[in-house]
Every structure is written in structure tokens, then in C-alpha cells.
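Summary of structural features
Listed here are the chains, written in short residue letters.
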Amino acid sequence: MMRALILGGTADANLLAAAIASAGIDAVYSYGGRTRAPADQPLPVRSGGFGGVSGLADYLQREAVTHVVDATHPFAAEMSRNAIAACAQTATPLLALERAPWDKTSGDRWIEVADVVSAAAALPDTPSRVFLAIGRQHVAPFGARPQHAYTLRFVDPPEQALPLPDADVIVSRGPFTLEDELAMMRARRIEWIVARNSGGTGARAKIDAARVLGLPVIMITRPPLPDRLRVESVSEVMQWLGHRTCLGA
């Protein structure tokens, strides 16, 4: 009897949940718990951490999970590493649904860095207007560069004051169009963008807008992960689960 666990929290995971529900596959959708108002799902939902590798392994065995799909954000490296280890420990098949990273194209002005600390260090010394497109968990290193005026965009309002003396917070849920991003950047006179290479189409508009406006982008590369079986589409996940039809997902 198949029972799948989707490690979710992304638009791709939401599409997968819809396809799995339509196919009548027994599955649970797991949220990391960071978003206070996550999107509704057509599957049973659990929220919060598992308690590391051992906690996830216990969950897989207790809930008789037969397949795990890691559809977390490409930068949720700790969860992905835990999934790799727990699935190996319990001999549970694991598949990653992982969007391809963005490639630098003609007209892009990227400065590629390895992490958030390096991204903060790469900003100029001259006071500038910066769009931080990195999520609220990663803002702290930019407190060391207080001369800049920052624009940040979150799904939820911040629960506490940000460590930035000059910060403009936009509370909004994507996806955003190229026109949306151009209007926002022009209205706030953005001069620099800091982004993570999330890949896919849902968050790409800000990168396209930066190209149109000729703005430099400090691009944080993805964290390294151990080798694992991975695909880039919902239909490939459905085939892996033994379902021949992707049902329009």
C-alpha cells in the first residue's frame, strides 16, 4: 500500500499535491512551519520540524511511509540533508522535485557569492537602495551594512523589529509579473538586488526586471547537497510513483 510524504512549502510542491490528490494516492503534505498562513492543500497536512534525522526516520516508520518527495525550497538544505539520511536509514525511496537554477544570460550583471554573509559583504560601501529578496530568516548579516536603504518583501509581517535602521517591508505573496517587479523597483529607486538562485519561473520576474533596468544582482548560489535522485516536473514525480497520467498538473 503506497503512502507518500511530500516535504513541501513551494509552488512546485503545491502542484504536486494537487496531482497526487487527483490520482487518489494516499499522501501527507508537510510544511516546515515558517509561514504563518500557508496555502490550503487537498491533502492531509502536518506542520513543523521532525526532530532531525532520527525524528524523521521514526515518522517514516510510524506512519508507514513508502515514498518521500523532497519538494522543499532549493535553499532548505538542512531539511534535504535530513531527508537523504533518514530515507537511507529506513530504506525509503526518495525523490527530489527540484527546479533548475537560473543561468546568467546576456545583459545580466551578476555577482555570484556562496552565502548570505558574502552577499552582505559584496554590497558597495556607498549608501544605496537595495532590494533584499532573501526571506526574513536571512536578514541579520545585512545589519553590518546599515548605510543602505533596504526594501524587503515577506509573505507574513515580521514578528519583531528588523536589524536594519532603514527598512521598507512589503507584505505580499507571489508570484509576481515582470510588470509588477519593474513598477516596484522604479517606485523605490532600487539600485542593487540581493537574491538566492531559487530557479523556476515563479520568482524569476525580479531577475528579468533587473536585466531590463541594468541593475546589478548579488546572486547567492545554492548550497551543496549529497547526490540524490532528482526530477524537475510534477509529471516525472507521478511516473516515479507509478502513476502514468499527470492529470494536467
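Remember, it's a predicted structure, so these values are computed and weren't measured experimentally. (Residues numbered from 1 in each chain as written. Predicted model: local features only at pLDDT ≥ 70, side-chain atom pairs only at ≥ 80, totals over all residues. Heavy atoms only, no water.)

Quick word on the pairing of strand β8 (residues 149-154)
- With 6 of 6 residues buried, β8 is to be regarded as a mostly interior element.
- Pairing of strand β7 (residues 129-133) with β8, which is carried by 4 bridges, proceeds in the parallel orientation. Across the sheet, Leu132 pairs through a bridge with Leu152, a residue of β8.
- Where β8 lies against strand β9 (residues 167-171), 5 bridges are found, and the strand directions are parallel. Pairing of Arg153 across the sheet is with Ile170, part of β9. (Buried < 20%, exposed > 50% of the residue type's maximum accessible area, 1.4 Å probe, protein only. Helix = DSSP H or I, 4+ residues; strand = E, 2+ residues; numbered from the N terminus. Pairing = 2+ DSSP bridges.)

Structural notes on the sheet that holds strand β1 (residues 4-7)
- In spatial order, the strands read β3-β2-β1-β4-β5-β12; together these 6 strands make up an open sheet with parallel pairing. Single-partner strands in this sheet number two, and they are β3 (45-47) and β12 (230-231).
- Where strand β4 (residues 67-70) meets strand β5 (residues 94-97), 3 bridges bridge the pair, whose relative direction is parallel. Its bridge partner lying in β5, Val68 is registered against Leu94.
- Contacts from helix α2 (residues 52-62) reach β1, β2 (27-31), β3 and β4, with the element oriented near 145 degrees to β1.
- Lying on the sheet, helix α3 (residues 77-90) is in contact with β1, β4 and β5; it crosses β5 at an angle near 160 degrees. (Contact = heavy atoms within 4.5 Å. Axes fitted to C-alpha atoms, helices over the stretch in contact; angles between N-to-C directions.)

Focus on the packing of α2 against α3
- At their nearest, the axes of α2 and α3 sit 8 Å apart, and the two run at 50 degrees to each other. By the criterion of interaxial angle, the relationship of α2 to α3 is oblique. Seen along the crossing, α2 lies across α3 with a hand that is right-handed. Across from Gly52, Val53, Leu56, Ala57, Leu60 and Gln61 in α2, the residues of α3 making contact are Met79, Asn82, Ala83, Ala85, Ala86, Cys87, Gln89 and Thr90.
- Split by residue class, the contact of α2 with α3 holds 9 nonpolar, 5 polar and no charged. (Parallel < 35°, antiparallel > 145°, perpendicular 65-115°, else oblique. Left-handed = near helix turned anticlockwise from the far one by under 90°. Nonpolar A, V, L, I, M, F, W, Y, C, P; charged D, E, K, R; others polar.)

Observations concerning the packing of aromatic side chains
- What the rule picks out here adds up to 3 aromatic pairs.
- Pairing Tyr29 with Tyr31 gives two aromatic rings, centres 4.8 Å apart and planes at 55 degrees, and the pair type is tilted. Just as Tyr29 is buried, Tyr31 falls in that class too.
- Between the aromatic rings of Phe142 and Tyr150, the centroid separation amounts to 6.1 Å while the plane-to-plane angle is 70 degrees, which identifies the pairing as edge-to-face. The same class applies to Phe142 and to Tyr150, which are both buried. (Phe/Tyr/Trp six-rings, centres within 6.5 Å; stacked < 30°, edge-to-face > 60°.)

Some thoughts on the nonpolar core
- Counting 21 residues, the largest nonpolar core has Ile6, Leu16, Ile20, Leu97, Val237 and Met238 as the members making the most contacts within it.
- When contributions to this core are tallied by element, the ones reaching two or more residues are β1, α1 (11-23), β2, β5 and α7 (234-240).
- A per-element tally of this core places α1 first, with 5 residues.
- Discounting residues that sit within four places of it in the chain, Leu16 has contacts with Ile6, Val69, Leu97, Val234, Val237 and Met238. (Core = buried A, V, L, I, M, F, W, Y, C linked by side-chain atoms within 4.5 Å.)

Focus on the environment of Pro38
- Mapping Pro38 onto the fold places it in the loop between β2 and β3.
- On the basis of relative accessible area, Pro38 is assigned to the partly exposed category, the value being 31%.
- Between the C-alpha atoms of Pro38 and Asp156, which are 118 residues apart in sequence, the distance is 9.8 Å.

Notes on the pattern of salt bridges
- This structure, assessed with the given rule, holds 14 salt bridges.
- With a shortest N-O distance of 2.9 Å, Arg228 and Glu98 are connected by a salt bridge. With Arg228 in the loop between β11 (216-220) and β12 and Glu98 in the loop between β5 and β6 (109-113), the pair connects residues that are 130 residues apart, well separated along the chain. As far as burial versus exposure is concerned, Arg228 and Glu98 are alike and both buried.
- Here Arg211 ties to Asp108 by a salt bridge, and the two come within 2.9 Å at their closest N and O atoms. Taken together, the positions of Arg211 in helix α6 (residues 205-213) and Asp108 in the loop between β5 and β6 put the pair 103 residues apart, joining distant regions of the chain.
- Since its relative accessible area comes to 10%, Asp108 is described here as buried.
- Overlapping salt bridges, with partners in common, bring together Asp70, Glu98, Arg228, Arg230 and Glu232 in one network. (Salt bridge = Lys/Arg side-chain N within 4 Å of Asp/Glu carboxyl O.)

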